[in-house]
Amino acid sequence: MTRPGFGAFSSAVARAQAAVRSQHCQPPTFRPAQSERGTIRCTKCGGNLNYTASAIDGRTTGRCSTAGCVTWND
């Protein structure tokens, strides 16, 4: 999904999205078999990043527990 060196040029949000998608949204459907919810280490501050991945459409959301840090809805 990403090339070596991706982390050096991408934003913390892009790295977090890639981590969630590479773990749960595998080809050929690019969505999990069932909806997933979990926590990973934040790519910006190292805190707890809570995420969800939808089995219906493969969309992901995430929010770091640190105020003003990484957050996304796609």
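Report on the accompanying structure.

Concerning helix H2 (residues 12–24)
Next up, step 1: Counted at 1.5 Å a residue, the expected span for H2 with its 13 residues is 18 Å, and the 19 Å between its end C-alpha atoms agrees.
Next up, step 2: Residues Ala 12, Ala 16, Gln 17, Ala 18, Val 20 and His 24 constitute the buried set of H2.

What to know about the pattern of salt bridges
Next up, step 1: By the definition in use, this model includes two salt bridges.
Next up, step 2: Between Arg 59 and Asp 57 there is a salt bridge, and its shortest N-O distance comes to 3.4 Å.
Next up, step 3: Under the relative-accessibility criterion, Asp 57 is labelled partly exposed at 42%.

Re unusual backbone geometry
Trans is the prevailing form of peptide bonds, just as negative phi is the prevailing case for residues other than glycine.
Next up, step 1: Cis geometry is found at the peptide bond from Pro 27 to Pro 28, where omega equals 5 degrees.
Next up, step 2: Of note in the backbone geometry, Phe 30 takes a positive phi value of approximately 55 degrees without being a glycine.
Next up, step 3: With respect to the secondary-structure elements, Phe 30 resides in the loop between H2 and strand E1 (36–41).

As for the nonpolar core
Next up, step 1: Among the nonpolar cores identified, the biggest contains 11 residues, and these are Ala 12, Ala 16, Val 20, Ile 40, Cys 42, Leu 49, Tyr 51, Cys 64, Cys 69, Val 70 and Trp 72.
Next up, step 2: Contact partners of Val 70, with chain neighbours within four places excluded, come to Ala 12, Val 13, Ala 16, Cys 42, Thr 43, Lys 44, Leu 49, Gly 62, Arg 63 and Cys 64.

Notes on the side chain of Thr 60
Next up, step 1: Structurally, Thr 60 is set in strand E3 (residues 60–64).
Next up, step 2: In this structure Thr 60 comes out as buried when scored by relative accessible area, which is 0%.
Next up, step 3: At 3.1 Å, the side chain of Thr 60 and the side chain of Trp 72 are in polar contact.
Next up, step 4: Setting aside residues up to four positions removed in sequence, Thr 60 forms contacts with Val 20, Arg 21, Cys 25, Thr 52, Ala 53, Trp 72, Asn 73 and Asp 74.

Structural notes on the sheet that holds E3
Next up, step 1: Strand order in the open sheet formed by four strands is E1-E2-E3-E4, and the pairing between neighbours is antiparallel. This sheet does not close on itself; its edge strands, each paired only once, are E1 and strand E4 (71–73). The average undirected angle you get between the axes of adjacent strands in this sheet is 20 degrees.
Next up, step 2: One ladder, built from six bridges, connects E1 with strand E2 (residues 48–53); its direction is antiparallel. Bridged to Glu 36 within E2 is Ala 53.

Criteria and cut-off values
Residues numbered from 1 in each chain as written. Predicted model: local features only at pLDDT ≥ 70, side-chain atom pairs only at ≥ 80, totals over all residues. Heavy atoms only, no water. Helix = DSSP H or I, 4+ residues; strand = E, 2+ residues; numbered from the N terminus. Expected span 1.5 Å × (residues − 1). Buried < 20%, exposed > 50% of the residue type's maximum accessible area, 1.4 Å probe, protein only. Salt bridge = Lys/Arg side-chain N within 4 Å of Asp/Glu carboxyl O. Core = buried A, V, L, I, M, F, W, Y, C linked by side-chain atoms within 4.5 Å. Contact = heavy atoms within 4.5 Å. Polar contact = N/O pair within 3.5 Å; in protein donor to acceptor, adjacent residues only side chain to side chain. Pairing = 2+ DSSP bridges. Axes fitted to C-alpha atoms, helices over the stretch in contact; angles between N-to-C directions.

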